[in-house]
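# Examination of the molecular architecture
Chain residues, written in single-letter form:
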Amino acid sequence: MKDHWLVRESTIRRLWVTFVIVLVVTVLVDLLVQHDGQFWLTGTFGFGAWFGFASCVALILLSKALGAVLRRPDTYYDR
Amino acid sequence: MTASAIPPAAILILGGLLLPFLQAQLRAAALLLLPLLTLYLIWQVPDGVALQVPFLGYELALVKGDALSRLFATVFAVMAFAGGLFALNQPRVVELSAALCYAGSAIGVAFAGDLLSLFVFWEFMAIGSTLVVWSAGPSARGAGLRYAAMHLFGGVLLMAGVVGEVAATGSLIFDRMTIDSVPRGLILAGFLVNAGALPLSAWLPDAYPESSWSGMVFLSAFTTKSAVYVLMRGFPGAELLIYVGLFMVFYGIVYAILENDMRRILAYSIVNQVGFMVTGVGIGTEMALNGAASHAFTHIIYKALLIMSAGSVLFMTGKRKCSDLGGLFRTMPVTAICGIVGALSISSFPLTSGFISKSMISEGAADQHLALVWYLLAAGSAGVFLHAGIKFPWFVFFQKDSGLRPSDPPWNMRAAMIFFSVLCIGIGVAPGTLYAMLPFKVNFIPYTAFHVVFQLQLLLFSGLAFFLMLGWLARTLTITLDLDWFYRRLGSVAAGNLDRWAGRAWHRLVQTTERRVQGAIRGVRRYHAPDGVLGRTWPTGSMAFWTTLMLAAYLILSYL
C-alpha cells in the first residue's frame, strides 16, 4: 500500500520549497512595513526573523546544557 | 430571593455533590446544563456586593461582582461546559462530580469579596482537584498525594496570611495590597503556589499528566488561572511578579523542550503561559492587566483544546510518550486539526486567540519602556512555538509512522474539540467581544502591519530553527530532574537512611549503657562485696585501736 501523500518525499520537498518561499516573503515584506522601532534593535531589518531564530537556537542550546546535567531515565522515580 | 442573590458557584458545587446519585442520562444532562445555568447566573451578578452573610462578627461578601470577576467566572463556566461535554463518556463518576465542584469553587474564588470566603473556595478547589487526580486510579495515587500536600501547604500559607492581615488591619476585604508586611507576603506566597511559580512549580507537571484523559482538561483550567485572577486583584503592579513570571516563561520552555511525555510537555507549557500572565500582572498598567486577563481567558480555551487533543490520543491509544507516537494524522484527522488549531493559538499566530491577548502584555511592557522585559517576552513567544506550537503536533501526529492506526474519538470528544477550535479562531478573528469584557477600556489594535509581520517572522523562523535542529530534539526515554527531586528522592533516601542511622545509633547507645552499668556493678562489687575492702568484717580490737588514736589526736590538738 502506498503511504499517505503527505509523507511522500516529493511532497516533503515541495513543502520545504514553499516554506522557504514564505520565509523569504515574510522578511521582504519588512521593507514595506513602518517599524514601531520602540527599542534599538526592533528597527533592524527582519528583526522578528533573526530574533526568533536566534532565540530558538539559544533556548535549544540552553535546554541541551541543562539536560546534560539533569536528564535521568524515565523510570528514575519508580525504583 | 432574586437571581442575583444565588451564588453562581453554588449551582456547580451542589450539582457536583448530587451527580453520583443521578442516572446516567440525567447525569449527562446535568454535566451540560448546570454550567450553562451557572453562566446565566454569572451575567446576572451586578457590580458590587450581591450577597453578604454574617460570620463571627464579620460580614462575608460571598458574591461581589465586577468586570474582572465576571470575565474569569465566564471562562470557568464555559470551560466546565466543554470539559463536561468532552468527559461525557468518562465512566468514573467521582471524577465528574469532583470536577464540577472544582469548577464551582473556582467561580466562587472569582466572586469572593473577602479573604475568608476566598480561602474557603480556595480549599474546596484543592480538594476537588485532588479527587480529580486520584480518580485516575492507583497509578495516580502518589502524584495525587504530593499534589494534595503541596496545595494544603499553599492553603496554610494563605490562612496564616489572612489571619495576620485581619489581626493587623481588622478588615477581611480582599482588594489591592502592597507587599509591606509578613502576612501579605504569606498571602502572596499562597497565591504563587497555586500559580505554579518557582520554587514550587514541579507539582504541576508531576500531578496533572497522571490524571485521566479527561481529568487533565479540567485541571489545566482552574487552579493556575484562579491564581492569576487573585494576583490581579490583590497584587497588580508588584514588580517582583515580573521576574517570577519571566522565570516561569523560560522554565516552562526549557523543560518542555527536554520532555518526552506529550501530556507533561503541555503541563510545562501551562507554567510557561501562566508566566506571561504573571509578568503582565507585575507590569500592572491597564494595558498589561487587560493583556493578562484576556490571555488567561484565551489560554484556558486553547490549552484545554490541546489537552483534549492529547487526551483523545491517550484515550484511543493508551500511549503518552512521543517516542511511542507519531503519524496519527492519517487516522485521527479531527484530533490532529483541532490540536494544530490549539497549537497555533498558544503560539499567538495571527487570526488565533493567543495573538490578540498576548500582544497586549508585550505592548504593556513597551509602553513602560521595559526593554529587557519586552525582549524576553518576545524570545519567550518564539520559544512557545518551539516547545508547544510545533513540538506537540509534530511528535504526536507527524514525525515517524508509529504503526498505530487509531480512529478519532467518540462524537462528544470531537464536538468539544471543534467547539473550542471555533472559539480559538473566532476570538482571534473578531476580538471585539472579548475586549468589551475586559476590566479596563481597550485602546489597542492587535492587527497592525508591524505586529502581524513581526509575529509571523518570529514564529516562522522559530519553525525553521525547529526543523533545522530536529536532530538535537530527538526524543529519548528520559525525564528531567526538577526541584521536586528534593521531596521525591532526597526525602525518601534520607528517610531510609535515617531509619538505618537511628537503628545503629540506638544499638550503640544500648551497648555503651550496658557496658557502663556492668562497669559500675563490677566497681561496687570490688569494694563492697563480702571480700571487698569496705565490705569485710573487721575485728573489734582494731576498731578500739583507731578510736583511741582519734581521741588522742583530738586531745593533743585541743592543747595546742
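Being a predicted model, the structure only gives us computed values, none of them experimental. (Residues numbered from 1 in each chain as written. Chains lettered and ligands numbered in written order. Predicted model: local features only at pLDDT ≥ 70, side-chain atom pairs only at ≥ 80, totals over all residues. Heavy atoms only, no water.)

Further remarks concern the overall build of chain A. Each helix and strand in chain A was counted, giving two helices and one strand. Overall, chain A shows an N-to-C arrangement of helices and strands of α-α-β. Its C-alpha atoms give chain A a radius of gyration of 20 Å, more than 25% over the compact-globule value 12 Å for 79 residues. Across its three principal axes, chain A shows a C-alpha extent of roughly 60 × 45 × 15 Å. Per-residue burial over chain A gives 32% buried out of 79 residues. Of the accessible surface of chain A, which amounts to about 5200 Å², a share of 69% is contributed by carbon and sulfur atoms. Measuring between centres, the 8 positive side-chain charges of chain A sit 9 Å from its 6 negative side-chain charges. (Helix = DSSP H or I, 4+ residues; strand = E, 2+ residues; numbered from the N terminus. Rg over C-alpha atoms; globule rule 2.2 N^0.38 Å. Buried < 20%, exposed > 50% of the residue type's maximum accessible area, 1.4 Å probe, protein only. Areas by Shrake-Rupley, 256 points an atom, 1.4 Å probe, with all protein chains shown as cover. Lys, Arg positive; Asp, Glu negative; His and termini not counted. Charge placed at Lys NZ, Arg CZ, Asp CG, Glu CD.)

All names here are of chain B. Among the structural elements, Lys391 can be located in helix α15 (residues 371–397). The side chain of Lys391 sits in the buried core without any salt bridge; Glu259 is the nearest counter-charge, 7.5 Å away. Only 2.8 Å separates the side chain of Lys391 from the backbone oxygen of Ala256, close enough to count as a polar contact. What Lys391 contacts, discounting residues up to four positions off in sequence, is Ala256, Ile257, Leu258, Glu259, Ile265, Phe385, Leu386, Phe466 and Arg475. (Salt bridge = Lys/Arg side-chain N within 4 Å of Asp/Glu carboxyl O. Polar contact = N/O pair within 3.5 Å; in protein donor to acceptor, adjacent residues only side chain to side chain. Contact = heavy atoms within 4.5 Å.)

A separate point is the confidence of the model for chain A. Taken as a whole, chain A shows an average pLDDT of 85; of its residues, 94% reach a score of 70 or greater. Summarising per-element confidence for chain A, the mean pLDDT is lowest in strand β1 (residues 71–73) of chain A (85) and highest in helix α2 (residues 47–70) of chain A (91). (pLDDT = per-residue confidence, 0-100.)

A word on the state of the cysteines. All names here are of chain B. Counted under the stated rule, the structure contains zero disulfides over all chains. Distance from the sulfur of Cys338, which forms no disulfide, to the nearest cysteine sulfur (Cys424) is 9.4 Å. Classification of Cys424 by relative accessible area gives buried; the value is 0%. (Disulfide = S-S within 2.5 Å.)

The α-helix winds at 3.6 residues per turn, so residues separated by three or four positions along the chain end up facing the same way. All names here are of chain B. Over its 27 residues, α15 extends 38 Å from the first C-alpha to the last, a length consistent with the 39 Å expected when each residue adds 1.5 Å. The largest bend in α15 comes to about 40°, at Lys391, with the proline Pro393 one to four residues further on. In terms of burial, α15 is a largely internal element, 23 of the 27 residues being buried. With its phi angle positive at about 55°, Gln399 sits one or two positions after the end of α15. (Expected span 1.5 Å × (residues − 1). Bend = angle between axes of the 7 residues up to and from the residue.)

Further remarks concern the pairing of strand β1 (residues 48–55) of chain B. All names here are of chain B. In this sheet, strand β2 (residues 58–65) lies alongside β1 in antiparallel orientation, the contact comprising seven bridges. Note that in β2 the partner of Phe55 across the bridge is Tyr58. In sequence, β1 turns back onto β2 through a hairpin of two residues, with Leu56 there showing a positive phi of about 50°. (Pairing = 2+ DSSP bridges.)

Residues and elements named next belong to chain B. It is at 8 Å that the axes of helix α12 (residues 286–317) and helix α14 (residues 353–367) come closest, and there the two elements cross at 155°. Taken together, α12 and α14 sit at an angle that is classed as roughly antiparallel. Every pair of crossing elements has a handedness; the one defined by α12 and α14 is left-handed. Packed against α12, whose contacting residues are Met287, Ala288, Asn290, Gly291, Ala292, Ser294, His295, Thr298 and Tyr302, the element α14 presents Ser353, Gly354, Ser357, Lys358, Met360, Ile361, Glu363, Gly364 and Asp367 at the interface. The class makeup of the residues in the contact of α12 with α14 is six nonpolar, nine polar and three charged. (Axes fitted to C-alpha atoms, helices over the stretch in contact; angles between N-to-C directions. Parallel < 35°, antiparallel > 145°, perpendicular 65-115°, else oblique. Left-handed = near helix turned anticlockwise from the far one by under 90°. Nonpolar A, V, L, I, M, F, W, Y, C, P; charged D, E, K, R; others polar.)

Residues and elements named next belong to chain B. Backbone torsion omega between Leu198 and Pro199 reads 5°, so that peptide bond is classified as cis. Here Pro199 shows up in the loop between α7 (182–195) and α8 (203–207). A positive phi angle, close to 60°, is found at Ser348, a residue other than glycine. Residue position: Ser348 is located in the loop between α13 (333–346) and α14. Ser348 gets classed as buried once you look at its relative accessible area, which sits at 2%.

This paragraph deals with the packing of helix α3 (residues 67–86) of chain B against α12(B). Residues and elements named next belong to chain B. Close contact between α3 and α12 brings their axes to 10 Å; oriented N to C, the two are set at 10°. Looking at the two axes, α3 sits roughly parallel to α12. Contacts from Leu68, Leu71, Phe72, Thr74, Val75, Phe76, Met79, Ala82, Gly83 and Phe86 in α3 reach Ala293, Ala296, Phe297, Ile300, Ile301, Ala304, Met308, Gly311 and Ser312 in α12. Residue composition of the contact of α3 with α12, by class: 15 nonpolar, four polar and no charged.

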